[in-house]
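This is what each chain is made of:
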Amino acid sequence: MSTRTLISPAALARPRGKAVYWTVFAAVVGLFAVAFLFPVYWMVTGAMKSPDEVARTPPTLVPHHWHLGGYRDAWDLMQLPQHLWNTVVQAAGAWAFQLVFCTAAAYALSKLRPAFGKVILGGILATLMVPAQALVVPKYLTAADLPLIHTSLLNDPLGIWLPAVANAFNLYLLKRFFDQLPRDVLEAAEIDGAGKLRILWSVVLPMSRPVLGVVSIFALVAVWQDFLWPLMVFSDTDKQPISVALVQLSQNIQLTVLIAAMVIASVPMVALFLVFQRHIIAGISAGSTKG
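Just so it is clear, the structure is predicted and the values come from calculations on it, not from any experiment.

### Brief notes about the overall build of the chain
Then comes step 1: Within the chain one finds 15 helices and zero strands.
Then comes step 2: For 291 residues, the compact-globule estimate of 2.2 N^0.38 gives 19 Å, and the chain exceeds it by more than 25% at 25 Å.
Then comes step 3: Dimensions of the chain along its principal axes, counting C-alpha atoms only, are 75 × 70 × 35 Å.
Then comes step 4: Counting only residues that meet the buried cut, the chain has 33% of its 291 residues in that class.
Then comes step 5: The contacts in the chain between residues at least 6 apart in sequence include a share of 70% that link residues at least 24 apart.
Then comes step 6: Just so you have it, the chain exposes about 18,300 Å², and 69% of that area is on carbon and sulfur atoms.
Then comes step 7: Here the chain contributes 20 positively and 14 negatively charged side chains, and the mean placements of these two sets differ by 18 Å.

### Section: the packing of aromatic side chains
The relation between two aromatic rings is expressed through the spacing of the ring centres and the mutual angle of the planes.
Then comes step 1: Within the structure shown, the criterion is met by nine aromatic pairs.
Then comes step 2: Judged by centre distance (6.0 Å) and plane angle (50°), the ring pair of Phe169 and Phe218 falls under tilted. With Phe169 in helix H9 (residues 168–179) and Phe218 in helix H12 (residues 209–225), this residue pair connects regions lying 49 residues apart in the sequence.
Then comes step 3: We classify Phe218 as partly exposed; its relative accessible area is 35%.
Then comes step 4: Taken together, Tyr21, Trp22 and Phe25 form an aromatic cluster joined through their ring pairs.
Then comes step 5: Just above the ring of Trp42 sits the side chain of Lys49; from NZ or CZ to the centre is 4.4 Å.
Then comes step 6: Here Lys139 stacks its cationic end above the ring of Trp229, 4.6 Å away from the centre of that ring.

### Notes on helix H2 (residues 15–46)
Then comes step 1: The first and last C-alpha atoms of H2 sit 44 Å apart over 32 residues, in line with the 46 Å expected at 1.5 Å per residue.
Then comes step 2: At Leu37, H2 is deflected by roughly 35°, the largest bend along its length, and proline Pro39 occurs up to four residues later in sequence.
Then comes step 3: For H2, the complete set of buried residues consists of Gly17, Thr45 and Gly46.

### Examining the side chain of Gln98
Then comes step 1: Tracing the backbone through its elements, the reader meets Gln98 in helix H5 (residues 80–112).
Then comes step 2: For Gln98, a relative accessible area of 3% translates into the label buried.
Then comes step 3: A polar contact of 2.9 Å, which involves the side chain of Gln98, links it to the backbone oxygen of Ala164.
Then comes step 4: Those residues within four positions of Gln98 in sequence are excluded, and the remaining contacts are Thr103, Ala164, Val165, Asn167, Asn170 and Ala219.

### Thoughts on the packing of helix H6 (residues 117–126) against H9
Then comes step 1: Contact geometry for H6 and H9: axes closest at 9 Å, N-to-C directions at 140°. Here H6 is positioned oblique relative to H9, judged by the angle of their axes. The two elements H6 and H9 cross, and the hand of that crossing is left-handed. On H9, the residues that touch Leu121, Ile124 and Leu125 of H6 are Ala168, Leu171, Tyr172 and Lys175.

### Looking at the side chain of Ser216
Then comes step 1: Looking at where Ser216 falls in the secondary structure, it is placed in helix H12.
Then comes step 2: Of the residues examined, Ser216 reaches a relative accessible area of 13% and is grouped as buried.
Then comes step 3: Within the local environment of Ser216, its side chain forms a polar contact with the side chain of Trp95, the two groups lying 2.8 Å apart.
Then comes step 4: Discounting chain neighbours no more than four positions away, the residues touching Ser216 are Trp95 and Leu99.

### What to know about the confidence of the model for the chain
Then comes step 1: Looking at the chain, the pLDDT average stands at 85 and 91% of residues meet or exceed 70.
Then comes step 2: The low-confidence segment residues 287–291, where pLDDT is below 50, has five contacts with residues more than four positions distant or belonging to other chains.

### Side note on the nonpolar core
Then comes step 1: Of all hydrophobic cores here, the largest spans 34 residues; its most connected members are Tyr71, Met78, Leu80, Ile160, Ile242 and Leu246.
Then comes step 2: Broken down by element, this core gets its largest block of residues, 10 residues, from helix H15 (residues 255–287).
Then comes step 3: With residues up to four places along the chain from it excluded, the contact list for Ile160 reads Gln90, Ala94, Val223, Trp229, Pro230, Val233 and Phe234.
Then comes step 4: Cys102, Phe177, Phe178 and Val215 belong to the second-largest nonpolar core, a separate cluster that totals 22 residues.

### With respect to the environment of Trp161
Then comes step 1: As for its position among the elements, Trp161 is in helix H8 (residues 158–165).
Then comes step 2: When the C-alpha atoms of Trp161 and Pro230 are compared, they prove to be 11 Å apart, with 69 residues separating the residues in sequence.
Then comes step 3: Apart from the residues within four sequence positions on either side, Trp161 is in contact with Val89, Gln90, Gly93, Ala94 and Phe97.

What counts, and where the lines are drawn
- Residues numbered from 1 in each chain as written.
- Predicted model: local features only at pLDDT ≥ 70, side-chain atom pairs only at ≥ 80, totals over all residues.
- Heavy atoms only, no water.
- Helix = DSSP H or I, 4+ residues; strand = E, 2+ residues; numbered from the N terminus.
- Rg over C-alpha atoms; globule rule 2.2 N^0.38 Å.
- Buried < 20%, exposed > 50% of the residue type's maximum accessible area, 1.4 Å probe, protein only.
- Contact = heavy atoms within 4.5 Å.
- Areas by Shrake-Rupley, 256 points an atom, 1.4 Å probe, with all protein chains shown as cover.
- Lys, Arg positive; Asp, Glu negative; His and termini not counted.
- Charge placed at Lys NZ, Arg CZ, Asp CG, Glu CD.
- Phe/Tyr/Trp six-rings, centres within 6.5 Å; stacked < 30°, edge-to-face > 60°.
- Lys NZ or Arg CZ within 6 Å of the ring centre and 35° of its normal.
- Expected span 1.5 Å × (residues − 1).
- Bend = angle between axes of the 7 residues up to and from the residue.
- Polar contact = N/O pair within 3.5 Å; in protein donor to acceptor, adjacent residues only side chain to side chain.
- Axes fitted to C-alpha atoms, helices over the stretch in contact; angles between N-to-C directions.
- Parallel < 35°, antiparallel > 145°, perpendicular 65-115°, else oblique.
- Left-handed = near helix turned anticlockwise from the far one by under 90°.
- pLDDT = per-residue confidence, 0-100.
- Core = buried A, V, L, I, M, F, W, Y, C linked by side-chain atoms within 4.5 Å.

Take a look at the structure:
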């Protein structure tokens with residue numbers, strides 16, 4: 001049974017139909033490209049303008065004089081290498097902790113089926129209904145005086161890593177993917193004598209690369225763009241990530257230098273997406289189909 005579309009195949013086969021179709025298609029794609037890329041262009045070129053030209057009304061689309069010194073000043077004056085490294089350490093640790101513990105928890109809930117597993121999963125998903133701002137105070141009090149061992153996680157990367165583990169959305173995403181894995185493959189591995197951990201390491205994880213890539217991107221981006229929690233954890237300026245440092249060090253800094261610092265801070269995440277965009281799309285599509 002054929003599906004009726006907006007343009008019939010017969011009309012699309014005619015030269016005029018093809019011309020109209022491709023004209024409309026190119027126009028729509030062009031409009032979306034301009035809508036998404038123009039802010040990026042405006043930010044990149046804004047850092048190359050003089051301070052007077054940035055504040056000029058009406059604004060200029062193309063800088064009259066190209067000044068690359070804004071990027072150099074942002075790199076030096078705002079201590080971007082140190083704060084970028086702090087962000088990398090915090091994001092990498094949060095990613096590693098989250099990948100290990102969320103994968104283990106999702107595998108246990110999906111394949112090991114513990115007692116009261118559905119109740120536990122329901123309680124985890126219920127935390128998605130709680131606004132993040134409502135958890136800031138209890139989370140800060142816990143990090144300031146960790147129960148039982150009575151130690152502080154403030155000004156310590158562990159203050160970022162450990163709270164990042166409790167990510168209900170990524171855990172649920174992993175569990176749903178594990179639920180869709182072919183049971184025949186897991187049973188065959190079990191018949192061959194593989195234990196639960198061996199099945200996880202040798203069978204489940206290799207088959208779960210797409211969804212692990214998606215979870216990795218979500219984990220890294222969440223830490224990279226977070227502002228409120230790192231601001232509360234790191235009172236020491238030298239240990240602050242780039243998101244907090246840009247605000248803390250923006251006083252008495254020229255607008256062009258601040259814009260240049262924002263451009264530099266956004267480059268790693270843009271590069272990460274461009275490199276792994278195929279894996280991200282594959283992971284999202286894999287999670288939406290049954291295996």
